[in-house]
Amino acid sequence: MRGLAGFGIGGAPQAVTLYAEFLPAEFRGRCLVFIETFWAVGACLEVVIALIVMPTLGWRYLLAFSAAPVLLFIICCAWLPESARYYVACGQPKKAEAVINKIAVDNNKPMPLGTLKIDGVSEKRGRYMDLVKNKEVAITTGLLLFIWFANAFSYYGIVLLTTELFASGQECAASVSDVDLRCEAECTTLNTDDYVDLLWTTLAEFPGILLTILLIDLIGRKKTMSLLFFCFAIFTLLVLICTTRTILTIFLFCARAFIVGSFQATYVYTPEVYPTSVRAIGLGACSGISRLGAIISPFVSQVLLGYSAHITLSIYAGTTILAGFACLLLPIETKGRGMVNAVASKTGQGVEDPTCPKHTT
């Protein structure tokens with residue numbers, strides 16, 4: 001069942017690819033981050049549903065209620081338009097023009113004069129080898145794989161750490177022991193106060209998204225990701241300070257806000273840096289590696305925490321510090337950059353298509 005759930009979630013990032021291909025460069029960054037607000041809404045709603053359902057009906061009903069919106073999404077998919085950039089990359093100008101025409105009609109704007117000109121059509125699309133076709137793209141892919149891994153590893157780590165720390169009843173993370181976390185005949189359940197604190201830390205996703213919206217076009221994608229990674233590392237280490245539960249909640253709140261912001265900035269950068277011919281597969285490969293980070297994270301945030309909180313939190317902080325430097329090493333800054341159609345054979349080459357596809361008379 002867990003495998004089926006993961007299989008379904010694996011396709012979610014492609015919604016970002018589709019949405020990005022409809023957006024002009026001027027607004028793309030802010031719009032892509034803003035749409036992630038609905039992820040935060042869903043996360044908060046999940047905590048509220050768990051607070052109501054878990055004490056009475058149990059986890060099976062929680063899963064059933066959580067899956068209900070997916071059915072609605074499946075129905076709505078019938079009305080989702082295909083991207084004109086995708087049709088251009090496929091060499092299907094008539095379908096691309098039909099999409100552009102519909103956009104013009106919906107926005108009460110005239111169609112550009114002339115016929116659609118297609119440059120840089122890739123004969124073969126969706127090849128993993130295109131992700132390392134030249135030095136620049138290969139370096140970008142390698143760094144992005146690690147950045148995505150660090151994002152998911154740290155995001156799910158702070159989520160699970162929050163639950164474990166609240167369930168243990170300890171106000172000092174450094175004093176949490178294996179005895180506090182051990183599950184014997186019956187696992188410890190969260191009480192109302194735990195769910196309230198969990199909701200507070202989940203609400204951190206909103207300021208994290210807001211901060212990313214403010215920074216993404218101000219200092220650029222690379223610096224935004226790097227800065228937020230470094231801030232997450234700082235507040236993760238602050239969790240080790242023995243203080244009150246309120247202060248502990250604030251530290252966890254800030255840490256989650258920063259890692260959410262970094263994750264959303266990465267969601268903006270990745271579809272922007274890859275050409276249309278490999279955009280979906282590039283984002284898919286990065287998302288797949290991030291699942292590996294999510295798989296490993298519970299062994300650190302739940303198992304290793306019982307033996308050493310210092311080592312656990314140091315691993316998360318160290319991983320994000322390395323990811324912060326990896327962001328700065330990315331060879332391409334995509335702020336204000338037009339999307340490209342195909343991967344070039346040599347570094348620095350590529351066929352760039354403007355926000356509106358070219359028309360010639």
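Residues numbered from 1 in each chain as written. Predicted model: local features only at pLDDT ≥ 70, side-chain atom pairs only at ≥ 80, totals over all residues. Heavy atoms only, no water.

Here the focus is the packing of helix α4 (residues 37-53) against helix α5 (residues 59-76). Describing two packed helices takes the angle between their axes plus the distance from one axis to the other. In the contact formed by α4 and α5, the axes pass within 10 Å of each other and the chain directions differ by 145°. You can see that α4 and α5 cross each other, and the crossing is right-handed. On α5, the residues that touch Glu 46, Ile 49, Ala 50 and Val 53 of α4 are Tyr 61, Leu 62, Phe 65 and Ser 66. The residue inventory of the contact of α4 with α5, partitioned by class, reads six nonpolar, one polar and one charged. (Axes fitted to C-alpha atoms, helices over the stretch in contact; angles between N-to-C directions. Helix = DSSP H or I, 4+ residues; strand = E, 2+ residues; numbered from the N terminus. Left-handed = near helix turned anticlockwise from the far one by under 90°. Contact = heavy atoms within 4.5 Å. Nonpolar A, V, L, I, M, F, W, Y, C, P; charged D, E, K, R; others polar.)

On to helix α7 (residues 93-106), then. The end-to-end C-alpha distance of α7, which contains 14 residues, comes to 20 Å, matching closely the 20 Å that a straight helix rising 1.5 Å per residue would cover. Those residues of α7 lying buried are Ala 96, Val 99, Ile 100 and Ala 104. Seen end-on, α7 carries its buried residues on one side only, within an arc spanning 140°. Turned more than 90 degrees off the buried face of α7, the exposed positions are Lys 94, Lys 102, Val 105 and Asp 106. Asn 108 sits one or two residues past α7 and shows a positive phi near 55°. (Expected span 1.5 Å × (residues − 1). Buried < 20%, exposed > 50% of the residue type's maximum accessible area, 1.4 Å probe, protein only. Arc of directions from axis to C-beta.)

So, on to the environment of Val 132. Mapped onto the fold, Val 132 is located in the loop between β1 (115-116) and α8 (135-168). A relative accessible area of 43% means that Val 132 is categorised as partly exposed. Each C-alpha atom of the pair Val 132 and Gly 142 lies 8.6 Å from the other, and the pair is 10 residues apart in sequence. In contact with Val 132, other than residues within four places in its own chain, are Val 137 and Ala 138.

Now for the confidence of the model for the chain. Averaged over the chain, the pLDDT score is 78; the fraction of residues at 70 or greater is 79%. This model gives residues 348-361 a pLDDT under 50, and the stretch forms 40 contacts once residues within four places in sequence are excluded. (pLDDT = per-residue confidence, 0-100.)

With that out of the way, let us pick up the pattern of salt bridges. For the structure on display, the rule yields three salt bridges. Its salt-bridge partner being Glu 205, residue Arg 256 comes within 2.8 Å of it at the nearest N-O pair. Here Arg 256 is found in helix α13 (residues 245-273), whereas its partner Glu 205 is found in helix α11 (residues 205-216), with 51 residues between them in sequence. Like Glu 205, Arg 256 is buried. Close ionic contact of Asp 217 with Arg 221 constitutes a salt bridge, the shortest N to O distance being 2.6 Å. (Salt bridge = Lys/Arg side-chain N within 4 Å of Asp/Glu carboxyl O.)

Our next topic: the nonpolar core. In terms of nonpolar packing, the biggest core is built from 61 residues, with Leu 144 and Ile 158 touching the most fellow members. Look past the residues within four positions of Leu 144 in its chain and what remains in contact with it is Tyr 269, Thr 270, Val 273, Tyr 274, Cys 286 and Leu 330. (Core = buried A, V, L, I, M, F, W, Y, C linked by side-chain atoms within 4.5 Å.)

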